[in-house]
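Fold and geometry: a report
What follows is the residue order along each chain.
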Amino acid sequence: MKENKILQVVCLAVIAVITFFFAITSPYRYAYDPSIKQLDNDAFLVLHVWALLIIVLTGTGLFLARGSRLWVYILYAAIAAFVAARVWHLNSLV
């Protein structure tokens, strides 16, 4: 059972790091100048890959969190909701 908790902590740490990079990455090529914003296709693709990775890791974390406290489930749900909202916003830009 201890190995399960260690895997859960590692999974949550990986999700936190990837979510941080997902949150700070801009889908625009010239994010510093709002007058010439253009979508960057490479950044757009990277954001979608990171979103897919976060969702898969969130599912893995939820699987490992069986029998855990309620705040763990709420944390995973909040991460999944943030990623889903950002992907929805990204898809509206195209």
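Residues numbered from 1 in each chain as written. Predicted model: local features only at pLDDT ≥ 70, side-chain atom pairs only at ≥ 80, totals over all residues. Heavy atoms only, no water.

**Re the side chain of Arg86**
Here Arg86 shows up in helix H3 (residues 70-93). Among buried charged residues, Arg86 stands out as having no salt bridge; its nearest opposite-charge side chain is Asp40, 12 Å away. Contacts of Arg86, omitting those with residues within four sequence positions, involve Phe22, Ala23, Thr25, Ser26, Pro27 and Leu47. (Helix = DSSP H or I, 4+ residues; strand = E, 2+ residues; numbered from the N terminus. Buried < 20%, exposed > 50% of the residue type's maximum accessible area, 1.4 Å probe, protein only. Lys, Arg positive; Asp, Glu negative; His and termini not counted. Salt bridge = Lys/Arg side-chain N within 4 Å of Asp/Glu carboxyl O. Contact = heavy atoms within 4.5 Å.)

**A look at the packing of aromatic side chains**
Counted according to the given criterion, the structure contains 3 aromatic pairs. For the pair Phe21 and Trp50, a centre-to-centre distance of 6.2 Å together with 40° between the ring planes defines the contact as tilted. In this pair, Phe21 is assigned in helix H1 (residues 2-24) and Trp50 in helix H2 (residues 41-64), connecting sequence segments 29 residues apart. The exposure class of Phe21 is partly exposed, given its relative accessible area of 39%. Linked through ring pairs, Phe20, Phe21 and Trp50 together constitute an aromatic cluster. Across from the ring centre of Phe63, 4.4 Å away, lies the NZ or CZ of Arg66, which sits over that ring. The ring of Phe22 has Arg86 sitting right over it, with the charged end atom 5.3 Å from the ring centre. (Phe/Tyr/Trp six-rings, centres within 6.5 Å; stacked < 30°, edge-to-face > 60°. Lys NZ or Arg CZ within 6 Å of the ring centre and 35° of its normal.)

**Quick look at the packing of H2 against H3**
The interhelical angle for the contact between H2 and H3, taken along N-to-C directions, is 160°, at an axis separation of 10 Å. Compared by their axis directions, H2 and H3 come out roughly antiparallel. Crossing of H2 over H3 shows left-handed handedness. Residues Phe44, Leu47, His48, Ala51, Ile54, Ile55, Thr58, Gly61 and Leu62 of H2 pack against Tyr73, Tyr76, Ile79, Ala80, Val83, Arg86, Val87, Leu90 and Asn91 of H3. Across the contact of H2 with H3, the residue classes tally to 13 nonpolar, 4 polar and 1 charged. (Axes fitted to C-alpha atoms, helices over the stretch in contact; angles between N-to-C directions. Parallel < 35°, antiparallel > 145°, perpendicular 65-115°, else oblique. Left-handed = near helix turned anticlockwise from the far one by under 90°. Nonpolar A, V, L, I, M, F, W, Y, C, P; charged D, E, K, R; others polar.)

**Some points on a nonpolar patch on the surface**
On the surface, a cluster of nonpolar side chains totalling about 390 Å² of accessible area is made up of Val17, Phe20, Phe21 and Ile24. Val17 sits in the partly exposed class, given a relative accessible area of 48%. (Patch = residues over 30% accessible without salt bridge, like charges linked within 9 Å, V, L, I, M, F, W, Y side chains within 5 Å. Areas by Shrake-Rupley, 256 points an atom, 1.4 Å probe, with all protein chains shown as cover.)

Distances and angles like these do not, on their own, reveal function.
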